[in-house]
Amino acid sequence: MNIIDKTDEEILAIASPMWDDLIKYSNNSNYGAFSRHFSEDFLRGANEIEMGKQFARSELTKGLEKGAEYLGMIRRGQHVTVLYKQTHSKKEGEYLGRLVLGYEDDMVKIFGTTIF
């Protein structure tokens, strides 16, 4: 099964609720819930201690606003990257959100996520 074979609408129906959860759990500094859809490889690379420090120190990880604007998709290999325009309640300007999705054990998982 390859996620790039899905339509944009099918991918967005999966990606947008996942993105909303990432925003919610980032704002709450809830690492367990934040990482629940991570692939095994991504989870191994996301050191829980370092992620906890980032949640504690970064203003950007708290105050992200709901309702990110979908910008587009990039399909490559076995993954699709979904891009969002993200805003923050305390920091001016717009941020680029990136969510990389693919299949692991017949389930859609997060293989990467960042906000710039």
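Identification of the protein chain as Nuclear transport factor 2 family protein from Candidatus Ruthia endofausta is taken from an unreviewed UniProt entry.

A.B. asks: I'd like a description of the environment of phenylalanine 42, backed by residues and values.
C.D. replies: With respect to the secondary-structure elements, phenylalanine 42 resides in helix α3 (residues 40-45). Sequence separation between phenylalanine 42 and phenylalanine 111 is 69 residues, and the spatial gap between their C-alpha atoms is 5.5 Å. With residues up to four places along the chain from it excluded, the contact list for phenylalanine 42 reads Ile110, Phe111, Gly112 and Thr113.

A.B. asks: Provide a residue-level description of helix α1 (residues 8-27), including the pertinent values.
C.D. replies: Its 20 residues give α1 an end-to-end C-alpha distance of 27 Å, which sits within 8% of 28 Å, the value for a rise of 1.5 Å per residue. Listed as buried for α1 are Ile11, Ala15, Met18, Trp19, Leu22, Ile23, Tyr25 and Ser26. Positive phi shows up at serine 29, right after α1, with a value of about 55°.

A.B. asks: Account for the nonpolar core, naming residues and giving values.
C.D. replies: Grouped together as the largest cluster of nonpolar side chains are 23 residues, with contacts concentrated most on Ile3, Leu22, Leu99, Leu101 and Ile110. At the level of secondary structure, the elements contributing two or more residues to this core comprise α1, α2 (31-34), β2 (79-87), β3 (94-104) and β4 (107-115).

Reading guide: rules and limits
Residues numbered from 1 in each chain as written. Predicted model: local features only at pLDDT ≥ 70, side-chain atom pairs only at ≥ 80, totals over all residues. Heavy atoms only, no water. Helix = DSSP H or I, 4+ residues; strand = E, 2+ residues; numbered from the N terminus. Contact = heavy atoms within 4.5 Å. Expected span 1.5 Å × (residues − 1). Buried < 20%, exposed > 50% of the residue type's maximum accessible area, 1.4 Å probe, protein only. Core = buried A, V, L, I, M, F, W, Y, C linked by side-chain atoms within 4.5 Å.

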